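The chain contents come next:
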Protein chains: 4
Amino acid sequence: MLIVLQPGSTPADLEAVLARARKLGLTAQPAQAGDRRIVALSGGSTDATAFSDLSCVARVQRVDDAFRLSARDKQPRGTVLDIGGVRLGSGQPLCVIAGPCSLESPEQALGIARTLKQAGVRILRGGLFKPRTSPYSFQGIQEEGLKLLDEIRATVGLKVVTEAVDERTLDLLEPHADMLQIGARNMQNFSLLRRAGKCRLPVLLKRGAGATLDELLTAADYILAGGNTQVALCERGIRTFSSHSRYTLDLAAVPALHELSHLPVVVDPSHGAGVRSRVPAMALAAVAAGADAVMVEVHPEPTVARSDGQQSLYPAQFAELLPRLQAVARAAGREA
Amino acid sequence: MLIVLQPGSTPADLEAVLARARKLGLTAQPAQAGDRRIVALSGGSTDATAFSDLSCVARVQRVDDAFRLSARDKQPRGTVLDIGGVRLGSGQPLCVIAGPCSLESPEQALGIARTLKQAGVRILRGGLFKPRTSPYSFQGIQEEGLKLLDEIRATVGLKVVTEAVDERTLDLLEPHADMLQIGARNMQNFSLLRRAGKCRLPVLLKRGAGATLDELLTAADYILAGGNTQVALCERGIRTFSSHSRYTLDLAAVPALHELSHLPVVVDPSHGAGVRSRVPAMALAAVAAGADAVMVEVHPEPTVARSDGQQSLYPAQFAELLPRLQAVARAAGREA
Amino acid sequence: MLIVLQPGSTPADLEAVLARARKLGLTAQPAQAGDRRIVALSGGSTDATAFSDLSCVARVQRVDDAFRLSARDKQPRGTVLDIGGVRLGSGQPLCVIAGPCSLESPEQALGIARTLKQAGVRILRGGLFKPRTSPYSFQGIQEEGLKLLDEIRATVGLKVVTEAVDERTLDLLEPHADMLQIGARNMQNFSLLRRAGKCRLPVLLKRGAGATLDELLTAADYILAGGNTQVALCERGIRTFSSHSRYTLDLAAVPALHELSHLPVVVDPSHGAGVRSRVPAMALAAVAAGADAVMVEVHPEPTVARSDGQQSLYPAQFAELLPRLQAVARAAGREA
Amino acid sequence: MLIVLQPGSTPADLEAVLARARKLGLTAQPAQAGDRRIVALSGGSTDATAFSDLSCVARVQRVDDAFRLSARDKQPRGTVLDIGGVRLGSGQPLCVIAGPCSLESPEQALGIARTLKQAGVRILRGGLFKPRTSPYSFQGIQEEGLKLLDEIRATVGLKVVTEAVDERTLDLLEPHADMLQIGARNMQNFSLLRRAGKCRLPVLLKRGAGATLDELLTAADYILAGGNTQVALCERGIRTFSSHSRYTLDLAAVPALHELSHLPVVVDPSHGAGVRSRVPAMALAAVAAGADAVMVEVHPEPTVARSDGQQSLYPAQFAELLPRLQAVARAAGREA
């Protein structure tokens, strides 16, 4: 912690801060930074609260990071996930996850799974339980889709990532999937994060639309602290004033997360773009920015999709995009 | 739904849109708005998806509101909540909810409850289960605080609002509280919202820091659709670039929510301000803007509070603030 | 300046930072803040740049404020402006500035001026040169309105505030007004700010929709540094994702600016609200939050206004609002 | 324009809207969109104002775009700029603009110009007049740098882009440069935009940090309306809550602007990233997203740069980056 005193603070002010620190059992080192007195604190676990009655204190700020287990220095070489045998992370080939927003029926699900398998995809995305903004929207085919996941994995041979929306659905999905997604709206659903910490599958944690990177990494810490070391972070767009897209895809989060954390970084260009025509550009940009994986919505017939159809690619578009993604990965200097 | 065609669209483009509408069983009315062709749609439940392959379509937009049950026209005179006998809503006196962020011990909880009761407060806030950004922060006294709630209600005679963080804690808290809070991070925890729809207590639903008013109202619809008509909406600050405060309190949401919805509007000035010195100004502003209630953090000894101490008022500050809040309510033209 | 080293930094890393500081002639004090090494710097005018090649440096941050002349400690008792005899600032009665967005004709301008004078207003707002987002919008009556300003001041007896959009228009307006406004879009038009520093009139500096308070105050420093000490700061709404209003009025900026600066704070609730029905609530809230003045758009016939009509009050609405503003000011504890 | 009536509007409400439209000489077509009555308007140039007194009106919205001359349909094949013989725009090879934030001295300027020329760069960036947030920061070498521009162009053979901060500096710079930049803070300095419309050089218009794409394109219209058809649009980061970078680079603006406008799109990854280590990733991402050009800050000795040193690349880093940019351009499917 660091305390910054008000402009014009006096030696008596400084002494008041030091006395408080002593009372709290903290080690305090005063110093001068420009025209401000500061006090560096260590040795305890206090926060801004304990100094909040001293009017000579301009602010109290963290100097270290709030997140711990997800910090880069805990695993300097980077964590690599194992998703049913497919590897995702630092030094691995670009991983492309694709599939519909929702699994809607056996025909739709198995059809698109086969198409994508043939195109070279190894991991399918597809939701059974849909966290929908409106209670009047399609909520997913839910329990009845569990056997579909088994069939896709057994028959088509794809790995599957699907979303758990609460502890109950995580319990239900765990035996039927290869990776579980925690969605943006649940990034700070701490009960779910704690349950995910006990999950035996890798977890794809999406950044909340109003969340900072610190908050994303601290949320990841909830999972890591539970003992599950297999966590990937997913940028999918944040809330800003910029109204031309559904969300603003914050691609600078990719190099930033790679500096701050050892966890692999995935980008979902579909939710950020919001419309089909702009998804390929954003997927290519994500790869060029260094994403370890991209996750793209593809639907066999987007105009009849029960969710997110307007941002889902046609299979032919995706087939055209995939080799370009790999070419960009190589051009940017990595394996594809 | 409304379809806006691209600039320079042709009669053939228009016909393609109309044909698609017919195929979907929709009633379509074309019209001209400035230099753009538009098509108004009604009679079905389709969305943008179904037109997303037509390149002549510039955009498809909702014209009506996504929320329904919380819309003003469902209850033009405004909903009034009954919180254990205290009334909150349109035409009622200003309601001031106060108390510590967390209930920490019997001494702290009962002490502050008695102090606030004496000051004229009728509803105490106080958390047992705390949704904390970091897993390393104090998580509340949890189950062991349940009997404290009973004691505050029975002995001190205050009504109590406290936060449920998941379905399990809602079950636990329901017999011991007068109102349940769903926090900003859980605003789109749809499992919890559905459970709250079956709750027999009024619910205080906080706006997520990255949520629009439409999303807040649609989240309220999840609760209302479950049969619980007693919902209050709470503005507590949104995420913006403006870094001088912890969040940006969006007070214009107060008159906006009153226009859009029949549900009462509460403002939490403490989380928006983030520091004690600015809480009174924002509480006064909230009342002047027309909030039906304000909810203020007060702690008997803020410098040793286990959460949110730096934004908690001292009891003496609150005692000085309360009559000013009531005076502003009267000056702005309402009962206090 | 403060340097924060990376987690896991070594004594050699620290020595590298100290050596660089010595080379730059700076006084450097190392300290420990939690698990991070920090170095406090003083004695020179360097910035982050000079340490940007040291990979052991996590970040370099300012500790003091970027603004100087506008800082509270330069004038602890608060600056009071003299606007042609009307006083605006700390300890003065609430100041209500009102008038149309644009002065459109002698009839409109003199008519509304007389109406507002009668209602008790002492300062009229009204633009001649309009900075319009679109080149196709009404750009103001420009030079031909100069004599109107004279007439309002001489005949009606109101003081006048009007906007200068560049150095040339500031030259033109200076002899005809009592206060000059620099609009939100020009908050960082540094040529204009420098010219305003040489102006003999008080200046109303509006916060840019994308500007932090630091940037607003540093912009004010450009004017103060030129010798003009009569500057008021105006909050008028910022750009956020919250789409229910035209801008998000950041009322917490009022107490924050009062803590940070000695300059008076004005709030423009009209641009923030964007629609007439919500202006009164936001004007009342601004006063309750402690604004030294509010500036409200009023038009004799809003439906034919040539700019901002939808957010302009009718004269009768304003007449009803004014005493409520004054009552709220008194209720919140100040003169009105 | 489109009028949306309130939920529950009556036939009489509709008639009131139609009557108002008739009075204004507008053609009005009523239609039904879901449960809302709407009225499409054409034939006049009115706006929301004229209907703002009708309480049955929920909102009035534009259907067409506010910008005109910059709209894609005015030049469907895309505008190509000629910057002293170097072509920038649709179908042209990737254009890489590089150079220091400020030209600081003949040695620095000519040295880096020669280095970049040798690396294959054809256009140098470099500022003489610097719009600095703080009046206490280096403001550029100003007039004395004009002859340096001449020397770089004549001796080194590079084209030059440099920033004009007001009408006076535009006059000064016009004879000495190949392209003029209007910075983010001046995007809505309409006097400067009008002057740029009369300029004989191409103009690089940067998006304001708080500006929407509509506002950027409408600002471009000011220049185009003056007769200057040579305008490029530059994304350089917007203001959001996301605090890990100086600004949030909104790369989805690239495909969006290409859909909306015929003007070439440039990305400045340096200001968005804010720190050197993240600039290459964002430059590569910008190219993959389809930018027609990228503009990168490169300084011969960043640690002694007088502005923006911490985000400037070393020449060796840039030399390593340039071929990767070109490889990504080819991989994404275009000439490089």
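Residues numbered from 1 in each chain as written. Chains lettered and ligands numbered in written order. Predicted model: local features only at pLDDT ≥ 70, side-chain atom pairs only at ≥ 80, totals over all residues. Heavy atoms only, no water.

Trainee: I would appreciate a short explanation of the overall build of chain A in the present structure.
Mentor: When helices and strands are tallied, chain A shows 10 helices and 14 strands. On the principal axes, the C-alpha backbone points of chain A span a range of 75 × 40 × 40 Å. Across the 336 residues of chain A, 65% fall into the buried class. Across chain A, the fraction of contacts at a sequence separation of at least 24, relative to all contacts at a separation of at least 6, is 68%. About 10900 Å² of surface is accessible on chain A, with carbon and sulfur atoms providing 48% of the total. Positive and negative side-chain charges of chain A, numbering 38 and 34 respectively, have mean locations separated by a distance of 1 Å. (Helix = DSSP H or I, 4+ residues; strand = E, 2+ residues; numbered from the N terminus. Buried < 20%, exposed > 50% of the residue type's maximum accessible area, 1.4 Å probe, protein only. Contact = heavy atoms within 4.5 Å. Areas by Shrake-Rupley, 256 points an atom, 1.4 Å probe, with all protein chains shown as cover. Lys, Arg positive; Asp, Glu negative; His and termini not counted. Charge placed at Lys NZ, Arg CZ, Asp CG, Glu CD.)

Trainee: Explain the domain arrangement of chain A here, please?
Mentor: One widely used convention gives an interface's size as the accessible area the parts lose upon coming together. When its domains are assigned, chain A resolves into domain 1 (2-62) and domain 2 (80-331). With centres defined by C-alpha atoms, the gap from domain 1 of chain A to domain 2 of chain A works out at 44 Å. (Domains from an automatic or database assignment.)

Trainee: Just checking my understanding: could you explain the relation of the copies chain A and chain D for this structure?
Mentor: Related by rotation about an axis and a shift along that axis, the two copies of the chain form a pair. Of the two same-sequence chains, chain A is brought onto chain D (RMSD 0.0 Å, axial shift 0.0 Å) by a rotation of 180°. As the rotation angle and translation indicate, the two copies are arranged about a two-fold axis. Rotation axis and chain A: the residue whose C-alpha lies nearest the axis is A285 of chain A, separated from it by 2.1 Å. Comparing contact sets, 100% of the residues at the interface of chain A also lie at the interface in chain D, consistent with an isologous, same-surface contact. (Least-squares fit on C-alpha atoms with pLDDT ≥ 70 in both.)

Trainee: Can you help me understand helix α3 (residues 146-156) of chain A in this one?
Mentor: Given 3.6 residues per turn, any residue in an α-helix points the same way as the ones three and four places further on. Residues and elements named next belong to chain A. For α3, every residue scored as buried is listed here: L146, L148, L149, I152 and V156. Looking at the packing, one finds that the buried side of α3 touches α2 (106-119), β8 (123-125), β9 (159-163) and α4 (167-173). In the stretch just after α3, G157 is the one whose phi turns positive, near 85°.

Trainee: How do you make sense of the sheet that holds strand β3 (residues 36-42) of chain A when you look at a structure like this?
Mentor: Two orientations exist for strands paired in a sheet by backbone hydrogen bonds: parallel and antiparallel. All names here are of chain A. The sheet built from four strands is open, its strands ordered β2-β3-β1-β4 with antiparallel pairing. Looking along the sheet, the strands with just one partner apiece sit at the ends: β2 (27-33) and β4 (57-61). Strand-to-strand twist in this sheet, taken as the mean axis angle between neighbours without regard to direction, amounts to 20°. Relative to β4, strand β1 (residues 2-5) runs antiparallel, the two being bridged by four bridges. (Pairing = 2+ DSSP bridges. Axes fitted to C-alpha atoms, helices over the stretch in contact; angles between N-to-C directions.)

Trainee: Is there a simple way to explain the interface of chain A and chain B in this structure?
Mentor: At the interface, 42 residues of chain A touch 42 residues of chain B. Between chain A and chain B, the buried area comes to about 3300 Å², and carbon and sulfur atoms account for 49% of it. For chain A, the biggest contributors to the area lost against chain B are T49, Y136 and R239 of chain A; these three give 19% of the whole. For the interface between chain A and chain B, the tally reads two salt bridges. A salt bridge links R239 of chain B to E215 of chain A; the nearest nitrogen and oxygen atoms lie 2.7 Å apart. The interface formed by chain A and chain B holds 24 residue pairs in polar contact (both at pLDDT 80 or more) in total. Put simply, the parts of the chain that give the side of chain A that touches chain B at least two residues each are α5 (190-197) and α6 (213-225) of chain A. The element that contributes the greatest number of residues to the side of chain A that touches chain B is α6 of chain A, accounting for four residues. (Buried area = accessible area lost by both parts, 1.4 Å probe. Salt bridge = Lys/Arg side-chain N within 4 Å of Asp/Glu carboxyl O. Polar contact = N/O pair within 3.5 Å; in protein donor to acceptor, adjacent residues only side chain to side chain.)

Trainee: Can you walk me through the packing of α6 of chain A against helix α7 (residues 253-260) of chain A in this structure?
Mentor: For any two helices packed against each other, the geometry comes down to the angle between their axes and how far apart the axes lie. Residue and element names in this part refer to chain A. The geometry of α6 relative to α7 is characterised by a closest axis approach of 11 Å and an angle of 50° between their N-to-C directions. Considering their axes alone, α6 and α7 lie oblique with respect to each other. The handedness of the crossing between α6 and α7 is right-handed. Residues L213, L216 and L217 of α6 lie in contact with α7, whose contacting residues are A253, A256, L257 and L260. In terms of residue class, the contact of α6 with α7 is built from seven nonpolar, no polar and no charged. (Parallel < 35°, antiparallel > 145°, perpendicular 65-115°, else oblique. Left-handed = near helix turned anticlockwise from the far one by under 90°. Nonpolar A, V, L, I, M, F, W, Y, C, P; charged D, E, K, R; others polar.)

Trainee: Would you mind going over helix α10 (residues 315-331) of chain A with me for this structure?
Mentor: For α10 of chain A, with 17 residues, the first-to-last C-alpha span of 25 Å sits near the 24 Å given by 1.5 Å per residue. Regarding α10 of chain A, the residues found buried are F318, L321, L322, L325, A327, V328, A329 and A331 of chain A. Packed against the buried residues of α10 of chain A are β7 (95-99), α2, α9 (279-288) and β14 (293-297) of chain A together with α10 (315-331) of chain D. Where α10 of chain A terminates, the next one or two residues include G333 of chain A, which has phi positive at roughly 105°. (Expected span 1.5 Å × (residues − 1).)

Trainee: What should I look at first to understand the side chain of H262 of chain D in this one?
Mentor: Residue and element names in this part refer to chain D. Structurally, H262 can be placed in the loop between α7 (253-260) and β13 (265-267). Of the polar contacts made by the side chain of H262, one reaches the backbone oxygen of L69; its length is 2.8 Å. If near-sequence neighbours (up to four positions away) are discounted, H262 is found in contact with L69, S70, A71, R72, K74, Q75, G78 and T79.

Trainee: I keep staring at the sheet that holds strand β2 (residues 27-33) of chain C and nothing clicks. Help me out?
Mentor: All names here are of chain C. Pairing is antiparallel in the open sheet, where four strands are placed in the order β2-β3-β1-β4. One side of each edge strand has no neighbouring strand; the edge strands of this open sheet are β2 and β4 (57-61). Adjacent strand axes in the sheet meet at a mean angle of 20° when their direction is disregarded. In this structure, strand β1 (residues 2-5) lies alongside strand β3 (residues 36-42), joined through three bridges in antiparallel fashion.

Trainee: Would you mind going over the interface of chain A and chain D with me for this structure?
Mentor: With 35 residues of chain A in contact, the opposing surface of chain D contributes 35 residues. The junction of chain A with chain D conceals about 2700 Å² of combined surface from both sides, 67% of it contributed by carbon and sulfur atoms. Broken down residue by residue, the surface that chain A buries against chain D is led by F241, H244 and R278 of chain A, which jointly contribute 22%. Counting across the interface, chain A meets chain D through two salt bridges. The residue R278 of chain A makes a salt bridge to E259 of chain D at a minimum N-O spacing of 3.1 Å. The interface formed by chain A and chain D contains 12 residue pairs in polar contact (both at pLDDT 80 or more). Mapped onto the side of chain A that touches chain D, the elements with two or more residues apiece are α7, α9 and α10 of chain A. Broken down by element, the residue count for the side of chain A that touches chain D peaks at five residues, all from α9 of chain A.

Trainee: I keep staring at unusual backbone geometry and nothing clicks. Help me out?
Mentor: A positive phi angle is found at Q142 of chain C, which is not glycine, with a value near 55°. Positionally, Q142 of chain C belongs in the loop between β8 (123-125) and α3 (146-156). With a phi angle near 60°, D308 of chain D is a residue other than glycine that sits in the positive phi range. When you line up the elements, D308 of chain D lands in the loop between β14 (293-297) and α10. By relative accessible area, D308 of chain D is classed as buried at 11%.

Trainee: Mind showing me how you'd approach the packing of aromatic side chains here?
Mentor: Between two aromatic rings, the relevant description is the distance of the centres plus the angle of the planes. Evaluation of the coordinates by the stated rule reveals four aromatic pairs over all chains. Just above the ring of Y247 of chain C sits the side chain of R236 of chain C; from NZ or CZ to the centre is 4.2 Å. (Phe/Tyr/Trp six-rings, centres within 6.5 Å; stacked < 30°, edge-to-face > 60°. Lys NZ or Arg CZ within 6 Å of the ring centre and 35° of its normal.)

Trainee: Just to check I follow, could you spell out the relation of the copies chain A and chain B for this structure?
Mentor: Taken as rigid bodies, chain A and chain B are interconverted by a rotation of 180° and an axial shift of 0.0 Å, the fit giving an RMSD of 0.0 Å. Both copies contact each other with a shared surface, as 100% of the interface residues of chain A are interface residues in chain B too.

Trainee: Looking at this structure, I do not really get the side chain of S102 of chain D. What am I missing?
Mentor: Residues and elements named next belong to chain D. For S102, the location among the structural elements is in the loop between β7 (95-99) and α2 (106-119). Residue classification places S102 among the buried positions, given a relative accessible area of 1%. Among the polar contacts listed, one links the side chain of S102 to the side chain of S307, at a separation of 2.7 Å. Ignoring sequence-local partners within four residues, the contact set of S102 consists of Q108, G127, K130, F138 and S307.

Trainee: I'm lost on the pairing of strand β5 (residues 80-83) of chain A in this one. Help?
Mentor: Note on strand geometry: in a regular strand, side chains alternate between the two faces of the sheet. Residue and element names in this part refer to chain A. Only one face of β5 is covered, namely the face carrying L81 and I83; the face carrying V80 and D82 is uncovered. As judged from the four bridges shared by β5 and strand β6 (residues 86-89), these two strands associate in the antiparallel manner. Considered in β6, the bridge of D82 is made with R87. Hairpin remark: β5 followed by β6, antiparallel, with two residues in the connecting loop; positive phi at G84, about 60°.

Trainee: Is there a simple way to explain the environment of L54 of chain A in this structure?
Mentor: All names here are of chain A. With respect to the helices and strands, the residue L54 is situated in the loop between β3 and β4. Each C-alpha atom of the pair L54 and D250 lies 38 Å from the other, and the pair is 196 residues apart in sequence. When near neighbours in sequence (up to four residues on either side) are disregarded, L54 contacts A16, V17 and R20.

Trainee: For this particular structure, what's the right way to read the environment of I83 of chain C?
Mentor: All names here are of chain C. Secondary-structure assignment places I83 in strand β5 (residues 80-83). By relative accessible area, which is 0% here, I83 ends up buried. Along the sequence, I83 and D178 sit 95 residues apart, while their C-alpha atoms lie 5.7 Å from each other. In contact with I83, other than residues within four places in its own chain, are L88, I123, K159, D178, M179 and P202.

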